[in-house]
Amino acid sequence: MLGGTFDPVHLGHLRSAVELREALELDRVHMIPASVPPLRGEPRVSPEQRLALLRLGIGDTPGLVADPRELHRAGPSFSADTLASLRREYGGEARLVMALGHDAFLRLADWHEPERLFALAHLVVIDRPDFEAALPAELRALIDGREVGDGEALMARPAGGLLRLSLPSRMAISATEVRRRLAEGRSVRYLLPEAVEHYLLEHALYRA
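Residues numbered from 1 in each chain as written. Predicted model: local features only at pLDDT ≥ 70, side-chain atom pairs only at ≥ 80, totals over all residues. Heavy atoms only, no water.

*Asks:* Give a description of the pattern of salt bridges that names residues and reports values.
*Replies:* Applying the stated criterion to the full structure yields 13 salt bridges. For Asp67, the salt bridge goes to Arg69, with nearest N and O atoms at 2.8 Å. With respect to class, Asp67 is no different from Arg69; both count as buried. In this structure, the salt-bridge partner of Asp81 is Arg116, at a minimum N-O distance of 3.0 Å. With Asp81 in helix 3 (residues 79-90) and Arg116 in helix 5 (residues 114-120), this residue pair connects regions lying 35 residues apart in the sequence. (Salt bridge = Lys/Arg side-chain N within 4 Å of Asp/Glu carboxyl O. Buried < 20%, exposed > 50% of the residue type's maximum accessible area, 1.4 Å probe, protein only. Helix = DSSP H or I, 4+ residues; strand = E, 2+ residues; numbered from the N terminus.)

*Asks:* Go over unusual backbone geometry, please, and point to the residues and values.
*Replies:* For residues that are not glycine, phi is negative in most cases, and the peptide bond is trans in most cases. At the junction of Asp7 and Pro8, the peptide bond is cis and its omega measures out at 5 degrees in the coordinates. Assignment of secondary structure puts Pro8 in the loop between strand 1 (2-4) and helix 1 (11-24). Residue Glu25 is not a glycine yet carries a positive backbone phi of 55 degrees. One can find Glu25 in the loop between helix 1 and strand 2 (29-33). Its relative accessible area of 71% is what places Glu25 among the exposed residues. With a phi close to 50 degrees, Glu113 is a non-glycine residue in the positive phi region. Within the secondary structure layout, Glu113 lies in the loop between helix 4 (102-105) and helix 5.

*Asks:* Tell me about the side chain of His122, and please be specific about residues and values.
*Replies:* Within the secondary structure layout, His122 lies in strand 5 (residues 122-126). Only 2.8 Å separates the side chain of His122 from the backbone oxygen of Leu154, close enough to count as a polar contact. Here Arg157 takes part through its backbone oxygen, which lies 2.6 Å from a polar atom of the side chain of His122. When near neighbours in sequence (up to four residues on either side) are disregarded, His122 contacts Leu96, Val97, Met98, Leu154, Arg157, Pro158, Ala159, Gly160 and Gly161. (Polar contact = N/O pair within 3.5 Å; in protein donor to acceptor, adjacent residues only side chain to side chain. Contact = heavy atoms within 4.5 Å.)

*Asks:* Describe helix 9 (residues 194-202), and please don't skip the residues or the numbers.
*Replies:* Taken as a whole, helix 9 has its buried residues at Val196, Glu197, Tyr199 and Leu200. Angularly, the buried residues of helix 9 cover 165 degrees about the axis, an arc narrow enough to put them on a single face. Residues Glu194 and Glu202 are exposed on helix 9 and point more than 90 degrees away from its buried face. At the exit of helix 9 stands Ala204, carrying a positive phi of roughly 55 degrees. (Arc of directions from axis to C-beta.)

Written out as structure tokens, the structure is:
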């Protein structure tokens, strides 16, 4: 599971999903747009448009799935509820992984039912270029004893582990910067998949 607002989806999101799948030899990566993100402001465009953009961005990429399940659920898009849905779908013995960036990881102790996340899945923290910070005390307590050194150790059981993963490309593309450039009428070429760029420009999304 790779969740987020995808506001909008960009090449950094998609390349991370591909490399995550390769690094951990995952069957598939569910990319799941948050309908109502609990810990950030409301996205600039509707959940349905962000899902449409994600589908355009993924195209026919093997192993990546644009998953709409959070759009079909009322209320805040809590990751624990999403993981519970995936666990019911795949069964108790499946190896489930939730990937998140280092900046989101630093706030993990503030998430809804953070202990439940580990009961349902492994967590994989994707290093973010140029982003380093000390771990808060609450986070250190939450992850104490959970960290493993590699994917093989992580996949030895269905859930409960933590792996920090550095992906090869480490593309420092920011959705905030993409939105700013669109609002200013500047080029976003090579930051987004071509189909996503065309859709954004055609529908004048993120224009000031």
